[in-house]
Amino acid sequence: MGTFQNILSKKQFEPDPNWLQIKTIDMHTGGEPLRVITEGFPELKGSSVLEYRRYCKEHYDHLRTALMFEPRGHADMYGCILCRPNDEEGDFGVIFLHNEGYSTMCGHAIIALTTLCVEMKWIEVKEGDNMVKIDAPCGRITSFAHIKNGVLTGVRFHCVASFVVGLDQTVKVPELGTVTYDLAYGGAFYAYVDMDKNNFDFDLSKNSYQQLIRKGMDIKKAVMQQDHKILHPFENDLSFLYGTIFTKKSDKRSIDSRNVCVFADGEVDRCPTGSGVSGRMAIHKKRNEIDFGETMSIESITDSVFIGSVVEEVDFGPFKAVIPQVEGTANITGMHTFVIDPNDPMKHGFILR
């Protein structure tokens, strides 16, 4: 039998039984990838999502890099590990992975995972809203998958209490001079930079991709180096600046605003950023620019759109916070079985940008 006939008859690779095999379902939300790890990841020890996150960071960070970095991923890859919820009322917990480490909240992942709950029949699916309670490192997220005539039409979620730390703060940034920004939390802390308040020589288009990375990281580093610390009122593990979000009025009459988030180690979010939109809802409520019953459409660098709104106001430690709602859609892109060959010199991955 010739080589081509062998190819036709043998299409399944059988890895060495000693190789680690990790299965995933890959998705995207508004263009932003999500690699959902479903099988093969070693057991995480602990009694809460924050403890599982800490254990993964301390014991299995090489698997994060193997699955997020090249050659299996890329500099802007994003993933998650499903785990037990914090208590019996939760459906499941989730740990978020990216090129720098482990984030505290990810709205695009919540939308994708809620979609996956429907597609995989992990929940009993009915007409109307289907509630899913997901424990993220920042707290419990309640999401709703809406089914109409048997078809999933979209997902919305209620984020954790989101609040403003400061409006119209300033920081000196090399090559940019004095930058005005708002500091807010939507499950993660972001510096929000309004392009209309700052005179930059770049815009929020795909043509400015590399500049957005460089300047976004420069702003993030400058804010982190300021005297005041970024502190979550209840959890030290949540007390860090995750990224910079550039905002601007949209050129489209049907869209309210444009949003480009540069987070972790220079990743650019392809979607409008669920946690970022949550923080924006807190900012806009603080500025009296949005009220209950109103919505705001926010597009990303890929022109994908999330819809943000404010559900209620709550007291959260010293802050007057809001519970934001974010709406979007997600899709499955593939299923994978990744193998870790212990003799592969690049088994833990690498990044080139």
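Residue positions within a chain follow its written sequence, with the count starting from 1. With pLDDT at 70 or above as the cut-off, local features in this predicted model cover only qualifying residues; side-chain atom pairs require 80 or more to be listed or tallied, and sums for whole chains, interfaces and linings still use all residues. To get the side-chain values, take all heavy atoms of the structure and skip hydrogens and water.

- An unreviewed UniProt entry annotates the protein as Proline racemase family protein originating from Lutimonas vermicola.
- According to the UniProt record, the Sequence similarities (unreviewed entry) comment for the protein reads "Belongs to the proline racemase family." UniProt positions are given in the numbering used here, feature names are shortened, and annotations may be inferred rather than shown by experiment.

**Considering the side chain of N99**
- Secondary structure elements are defined from DSSP: runs of H or I of at least 4 residues count as helices, runs of E of at least 2 residues count as strands, and each element is numbered from the N terminus. If you trace the backbone, N99 turns up in the loop between β4 (92-97) and α4 (107-119).
- Residue contacts follow a heavy-atom distance rule, with two residues in contact if any of their heavy atoms lie within 4.5 Å. With near-sequence residues (within four places) excluded, N99 lies in contact with R64, F69, A75, M77, A264, D265, E267, I351 and R353.

**Concerning helix α2 (residues 49-59)**
- Buried within α2 we find V49, L50, Y52, R53, Y55 and C56.
- In the core, the buried residues of α2 are packed alongside α3 (61-68), β3 (79-83), β4 and β5 (128-136). Buried means the residue's accessible area, taken with a 1.4 Å probe over protein chains only, is under 20% of the maximum for its type, while exposed means over 50%, and partly exposed covers the values in between.

**Section: the environment of E312**
- The topology assignment puts E312 in strand β15 (residues 305-316).
- Each C-alpha atom of the pair E312 and F157 lies 13 Å from the other, and the pair is 155 residues apart in sequence.
- Beyond its immediate sequence surroundings of up to four residues, E312 is in contact with F292, A321, V322 and I323.

**Focus on the nonpolar core**
- F96, I141 and F246 are the most contacted members of the largest nonpolar core, which has 90 residues in total.
- Counting residues per element, this core draws most heavily on α4, which supplies eight residues.
- Buried Ala, Val, Leu, Ile, Met, Phe, Trp, Tyr and Cys residues that are joined via side-chain atoms within 4.5 Å together make up what is termed a nonpolar core. Core analysis: the next-biggest nonpolar cluster, separate from the first, contains 20 residues, Y52, M77, C83 and F338 among them.

**Things to note about the pattern of salt bridges**
- Whenever Lys or Arg places a side-chain nitrogen within 4 Å of a carboxyl oxygen from Asp or Glu, that contact is recorded as a salt bridge. One pass over the structure, following the stated rule, counts 19 salt bridges.
- Of the charged contacts, one joins R54 and D237 as a salt bridge, the two residues approaching to 2.6 Å between their closest N and O atoms. One end of the pair, R54, is in helix α2; the other, D237, is in the loop between α5 (209-224) and β11 (241-249), and 183 residues separate them in sequence.
- The shortest N-O distance in the salt bridge between R270 and D76 comes to 3.3 Å. You can see R270 sitting in the loop between β13 (267-268) and α6 (274-286) and its partner D76 sitting in the loop between α3 and β3, a full 194 residues away along the chain.
- The exposure class assigned to D76 is buried, which follows from its relative accessible area of 5%.
- The network of salt bridges with common partners includes D168, D182, K197 and R287.

**Some words on the pairing of β15**
- In this scheme, strands are said to pair when DSSP sees at least two bridges between them. Strand direction decides the pairing type here: strand β14 (residues 295-299) and β15, joined by five bridges, are antiparallel. If you follow S297 over to β15, its bridge partner there is I307.
- Taking the residues between adjacent antiparallel strands as the criterion, β14 and β15 are bridged by five residues, where D303 takes a positive phi near 75°.
- Bridge count between β15 and strand β16 (residues 319-328): nine bridges; the pairing is antiparallel. Within β16, the residue paired with E313 across the bridge is V322.
- Connecting the antiparallel pair β15 and β16 is a turn made up of two residues, with G317 showing a positive phi of about 60°.

**Thoughts on the environment of K133**
- As for its position among the elements, K133 is in strand β5.
- Residue classification places K133 among the partly exposed residues on the basis of a relative accessible area of 25%.
- Residues K133 and D87, 46 residues apart in the sequence, show an inter-C-alpha distance of 11 Å.

**Description of the pairing of strand β7 (residues 151-158)**
- Where strand β6 (residues 139-148) and β7 come together, seven bridges link them in antiparallel fashion. Looking at β7, one finds that T142 is bridged to H158.
- Counting the residues in the hairpin turn of β6 and β7 gives two residues, including N149, whose phi is positive at 55°.
- Summarising the sheet, β7 and β16 pair through four bridges and their orientation is antiparallel. Across the sheet, the residue bridging to F157 is V326, located in β16.

**Description of the packing of aromatic side chains**
- Between the rings of Phe, Tyr and Trp (Trp by its six-membered ring), a pair exists once the centres lie within 6.5 Å; its type follows the angle of the planes, with under 30 degrees stacked, over 60 edge-to-face, and the other angles tilted. The full count for this structure, using the stated rule, is 18 aromatic pairs.
- Residues F200 and F246 carry aromatic rings whose centres are separated by 6.3 Å and whose planes lie at 85° to one another, so their mutual orientation is edge-to-face. You can see F200 sitting in the loop between β10 (189-194) and α5 and its partner F246 sitting in strand β11, a full 46 residues away along the chain. We note that F200, like F246, is buried.

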